[in-house]
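The residues making up each chain are set out below.
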Amino acid sequence: MNFKQRLVRYLLGVAIGCAVVFFMFPQYDWLGWLPQKRMKQDLREFPFSVDTCASVKLNCYGFAEDRLMQVRADGVFDFDKSDVQATPRRYHVNYGDYSFIIAMTDSTSTLVDVLNPSKICTCP
């Protein structure tokens, strides 16, 4: 048996083993280690508060604070704009036309700013 045959048999065995494990544990989140999913999970689980300036901007934009739960579940983190070296870490979360800046510590998350390019609102 040459090397090519051994390699094919080995890869076939690995593929069958992976398929068996995949079908034995269907409820397991196989992509749960990715940064987007980890940050969404942290955002949903941590206590969430809204800064006073962000609250004023939400009212100015006509964005109801009860819709923030939807943002926390469906928002997309923009890691290019986020500043993870700052203390606390500041993440940009995009949801529709809005961009939310959320400051996160190891146990809390706070909405600090809301941006919308179609309308400019300032904090007094």
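First things first, this report covers the structure right here in the doc. (Residues numbered from 1 in each chain as written. Predicted model: local features only at pLDDT ≥ 70, side-chain atom pairs only at ≥ 80, totals over all residues. Heavy atoms only, no water.)

Tallying secondary structure elements over the protein chain gives 4 helices and 5 strands in all. Counted from the first residue to the last, the protein chain has its helices and strands arranged as α-α-β-α-α-β-β-β-β. The globule rule puts the C-alpha radius of gyration for 124 residues at 14 Å, and the 22 Å found for the protein chain is more than 25% above it. Counting only C-alpha atoms and orienting by the principal axes, one finds that the protein chain spans roughly 80 × 30 × 25 Å. Per-residue burial over the protein chain gives 28% buried out of 124 residues. Element-wise, carbon and sulfur atoms account for 60% of the exposed surface of the protein chain, whose accessible area totals about 8600 Å². Once the 14 positive and 13 negative side-chain charges of the protein chain are each reduced to a mean point, those two points are 11 Å apart. (Helix = DSSP H or I, 4+ residues; strand = E, 2+ residues; numbered from the N terminus. Rg over C-alpha atoms; globule rule 2.2 N^0.38 Å. Buried < 20%, exposed > 50% of the residue type's maximum accessible area, 1.4 Å probe, protein only. Areas by Shrake-Rupley, 256 points an atom, 1.4 Å probe, with all protein chains shown as cover. Lys, Arg positive; Asp, Glu negative; His and termini not counted. Charge placed at Lys NZ, Arg CZ, Asp CG, Glu CD.)

This structure, assessed with the given rule, holds 1 disulfide. For Cys60, the disulfide goes to Cys121, at an S-S distance of 1.9 Å. One quick way to see it: the torsion about the S-S bond of Cys60 and Cys121 is about -75°, and its sign makes the bridge left-handed. Of the two residues, Cys60 sits in helix α3 (residues 52-61) while Cys121 sits in the segment after β5 (109-115), which places them 61 residues apart along the sequence. (Disulfide = S-S within 2.5 Å.)

Tallied over the full model, the rule gives 10 aromatic pairs. By the ring-pair criterion, three or more aromatic residues cluster together here, those being Phe22, Phe23, Tyr28 and Trp30. (Phe/Tyr/Trp six-rings, centres within 6.5 Å; stacked < 30°, edge-to-face > 60°.)

What follows covers the side chain of Arg72. Within the fold, Arg72 resides in helix α4 (residues 68-74). Although Arg72 lies buried, it forms no salt bridge, and the closest oppositely charged side chain, Glu45, sits 9.3 Å away as judged by the N-O distance. If we skip the residues at most four places from it in the chain, Arg72 touches Lys40, Leu43, Arg44, Phe46 and Phe48. (Salt bridge = Lys/Arg side-chain N within 4 Å of Asp/Glu carboxyl O. Contact = heavy atoms within 4.5 Å.)

Right, let's talk about the nonpolar core for a bit. Of all hydrophobic cores here, the largest spans 19 residues; its most connected members are Leu58, Phe63, Phe100, Ile102, Leu111 and Val114. Listing elements by their share of this core, those giving two or more residues are α2 (35-45), α3, α4, β3 (89-95), β4 (98-104) and β5. Of the residues forming this core, the biggest block, 4 residues, is contributed by β4. When sequence neighbours within four positions are dropped, the list of residues in contact with Phe63 reads Leu58, Leu68, Val71, Tyr95, Tyr98 and Phe100. (Core = buried A, V, L, I, M, F, W, Y, C linked by side-chain atoms within 4.5 Å.)

Side chains of Leu12, Ile16, Val20, Val21, Phe22, Phe23, Met24, Phe25, Tyr28, Trp30, Leu31 and Trp33 sit close together on the surface and give an oily, nonpolar patch of about 1300 Å² of accessible area. For Phe23, the position within the fold is in helix α1 (residues 3-24). (Patch = residues over 30% accessible without salt bridge, like charges linked within 9 Å, V, L, I, M, F, W, Y side chains within 5 Å.)

On to the sheet that holds β3, then. The strands that make up a sheet pair up through hydrogen bonds in the backbone, lying either parallel or antiparallel. Across the sheet, which stays open at both edges, the 5 strands sit in the order β1-β5-β4-β3-β2 with mixed pairing between neighbours. Strand pairing shows two members of the sheet lacking a second neighbour, β1 (48-50) and β2 (76-83), which therefore form its edges. The average undirected angle you get between the axes of adjacent strands in this sheet is 35°. In the sheet, β4 pairs with β5 via 6 bridges, with the strands oriented antiparallel. (Pairing = 2+ DSSP bridges. Axes fitted to C-alpha atoms, helices over the stretch in contact; angles between N-to-C directions.)

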